[in-house]
Amino acid sequence: MNIDWVLAWPAITNSPIFGMGITLLSYEFGRFLYLKSGGFALFQPILVSVMVIGFVLMSMGIPYDVYFKQAESFHLFLGPLTVALAIPLYINIKRIRQLLGRILVTLIVGGTASIGSAMLVLWIMGGSEDIILSMAAKSVTTPIAISITEEIGGYPSLAVTFVIAIGILGVAIGPWFLRLIGVTEPSAKGFALGITSHALGTAKALEMGDQVGAFSALAMGLMGIASALALPWLAQYFL
Amino acid sequence: MIRGFCILILFQLLGEAVVAMFHLIVPGQVMGMILLLVVLIAWQDVPEFLDLTGRALLPYLPLFLVPVSVGMFAYWDLIKRDFVAIVISLLVSLFVSLAVTGLTLNALVKARSK
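Parameters and conventions
- Residues numbered from 1 in each chain as written.
- Chains lettered and ligands numbered in written order.
- Predicted model: local features only at pLDDT ≥ 70, side-chain atom pairs only at ≥ 80, totals over all residues.
- Helix = DSSP H or I, 4+ residues; strand = E, 2+ residues; numbered from the N terminus.
- Rg over C-alpha atoms; globule rule 2.2 N^0.38 Å.
- Buried ≥ 20, exposed ≤ 12 C-beta atoms within 10 Å, placed from the backbone.
- Contact = placed C-beta atoms within 7 Å.
- Nonpolar A, V, L, I, M, F, W, Y, C, P; charged D, E, K, R; others polar.
- Domains from an automatic or database assignment.
- Axes fitted to C-alpha atoms, helices over the stretch in contact; angles between N-to-C directions.
- Parallel < 35°, antiparallel > 145°, perpendicular 65-115°, else oblique.
- Core = buried A, V, L, I, M, F, W, Y, C linked by C-beta atoms within 7 Å.
- Left-handed = near helix turned anticlockwise from the far one by under 90°.

1. Section: the overall build of chain B
Scanning chain B from N- to C-terminus turns up seven helices and zero strands. Mapped in sequence order, the helices and strands of chain B form the string α-α-α-α-α-α-α. Compactness check: chain B gives a C-alpha radius of gyration of 20 Å against a globular reference of 13 Å for 114 residues, more than 25% above the reference. For the C-alpha atoms alone, the extent of chain B along its principal axes is close to 50 × 50 × 30 Å. Expressed as a percentage of its 114 residues, the buried residues of chain B come to 40%. Of the contacts made within chain B by residues no fewer than 6 positions apart, 42% connect residues no fewer than 24 positions apart.

Here it is as C-alpha cells:
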C-alpha cells in the first residue's frame, strides 16, 4: 500500500469546509486566550481570529478570494443578524424616544468629528487625494461605505479596509478608553462604539449589555444613513 | 428557533425589495431591521420565538464578521505607500470619535436626569 503524504495538505486546504474550519478554530482560540487572560483587550476573539487567518493565508499563499468563498456561508448570516438588531432596539425604544433630540445632536457632533479628524490628519500628513476620499466612509458599515466611496470617487476596496481597521481598533481599545475618560452612561457608551466602529462595535456593545447594544445598533444605522446623505452632497462643494 | 430565523430572513428579503424599488443607498438588511422595528412597535411586543432566535444568534455576531474582516489583508499593495499616515489618521480619529461622541451624549444624558 502506497501512502501519498504530499496529497494530504492540498486536500485539506482545497476542501470547501477549510475556510469555515479555520474561521471557527481561530475564533475559538481567540475566545480561549481572551478568557484565560481575564479579558485582555488585544485578545478580542475577532482580532485574534483575523490575525491568525491572515497569517495562515499569507504563509500558505492562499488568496483571500479563495478563503472568502469557503467561509461565505458565515458571511451570509450577517444579513439576518443585522435584522435581529431590531429586537434590542425595540426593547430599548422608550429610552431611545426619551433621548431622541440629544441623540441627533450627538450624531452630528460625533460624526463630524470622527470623519473630519481622519481626513484632516491624512491631509496634513500628505496622503494622496484618493486615499483621503476613501477615508471619508470609514465609520460606516461596509455595504454603505462601498456605495458612498464609489459616489465621491475613492477606492471602494480601500474604504473597506479602513472600515474594518477602525472597527477592530474600536473593539480592542473602545471599551477601555471610554471607561478611562469617564463615559458611564450605557447609552453614551453604546452610541460612541456604534458611531466609531459600526457593526464590529455593535457586536462588542451587545456583550456589554442590552442597552449598550441597542444604542450602538442605533448609532450604526443613523451614521450609515447620515453619511450616505451628507457625504456625496459635501463632496460636490469641496471637490 | 427556526421560526424566528425565518422571520429574520423574510424581513431581510423585504428590505432588499424596498431598497431596490425606491433606489435607496442603504443595504437591504438595514432596511429589514428598520421594517422589523416598525412592526415590533406596532405589535407592541417581541414574540417569544423571535426573542429566542435573537438571543441565540446575536452573541455570535463577531464570528460572522470574521470572513469580511480578513479582507483587510487583501489590499496591502494599495495601503503600503501611505501606511504611516493611514495608521496615524485611523488612531487619531478613533480617539477623537470615541471621546467626542461618548462625552457629548454622556453629558447630555446626565444634564437632563439631574
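2. Examining the interface of chain B and chain A
Contacts between chain B and chain A engage 64 residues on the former and 88 residues on the latter. Elements with a minimum of two residues in the side of chain B that touches chain A: helix H1 (2-21), helix H2 (28-43), helix H3 (48-57), helix H4 (61-64), helix H5 (66-70), helix H6 (76-79) and helix H7 (83-113) of chain B. Here the side of chain B that touches chain A takes 23 residues from H7 of chain B, the largest share from any one element. Each residue belonging to the side of chain B that touches chain A can be placed in one class, and the counts come to 47 nonpolar, 14 polar and three charged.

3. A few points about the domain arrangement of chain A
All names here are of chain A. The assigned domain composition of chain A is domain 1 (1-76) and domain 2 (79-239). Computed over C-alpha atoms only, the centres of domain 1 and domain 2 are separated by 28 Å. Tallying the contact residues gives seven residues for domain 1 and seven residues for domain 2. Of all the elements, helix H3 (residues 45-60) adds the most residues to the side of domain 1 that touches domain 2, at three residues. Per-class residue counts for the side of domain 1 that touches domain 2 are six nonpolar, one polar and no charged.

4. Observations concerning the packing of H1 of chain B against H3 of chain B
Residue and element names in this part refer to chain B. Where H1 contacts H3, the two axes come as close as 7 Å, and the packing angle between them is 85°. It follows that H1 is roughly perpendicular to H3 by the angle criterion. Together, Arg3, Gly4, Phe5, Ile7 and Leu8 of H1 and Phe49, Leu50, Leu52, Thr53 and Gly54 of H3 make up the contact between the two elements. For the contact of H1 with H3, the per-class residue count stands at six nonpolar, three polar and one charged.

5. A few points about helix H10 (residues 142-152) of chain A
Of the positions making up H10 of chain A, those classed as buried are Thr142, Pro143, Ile144, Ala145, Ile148 and Thr149 of chain A. After H10 of chain A finishes, the residue Gly153 of chain A shows a positive phi value of roughly 95°.

6. Remarks on the domain arrangement of chain B
When the parts of a complex come together, some accessible area is lost, and that lost area is often taken as the interface size. The domain boundaries assigned to chain B delineate domain 1 (1-64) and domain 2 (70-114). Spacing between the C-alpha centres of domain 1 of chain B and domain 2 of chain B amounts to 28 Å.

7. Description of the nonpolar core
Within the largest apolar cluster, 95 residues are counted, with the highest numbers of intra-cluster contacts made by Ala86 and Ile168 of chain A together with Leu65 of chain B. Among the elements that take part in this core, helix H11 (residues 156-180) of chain A stands out by supplying 13 residues, more than any other. What Ala86 of chain A contacts, discounting residues up to four positions off in sequence, is Met33, Leu36, Leu37 and Leu40 of chain B.

8. A closer look at the packing of H1 of chain B against H2 of chain B
Residues and elements named next belong to chain B. Relative to each other, H1 and H2 sit at 115°, their axes nearing to 7 Å. Relative to H2, the element H1 lies roughly perpendicular. The way H1 lies across H2 gives a crossing that is right-handed. Residue-level contacts link Phe11, Gln12, Leu14, Gly15, Glu16, Val18 and Val19 of H1 to Gly28, Gln29, Met31, Gly32, Leu35 and Leu36 of H2. Residue composition of the contact of H1 with H2, grouped by class: seven nonpolar, five polar and one charged.

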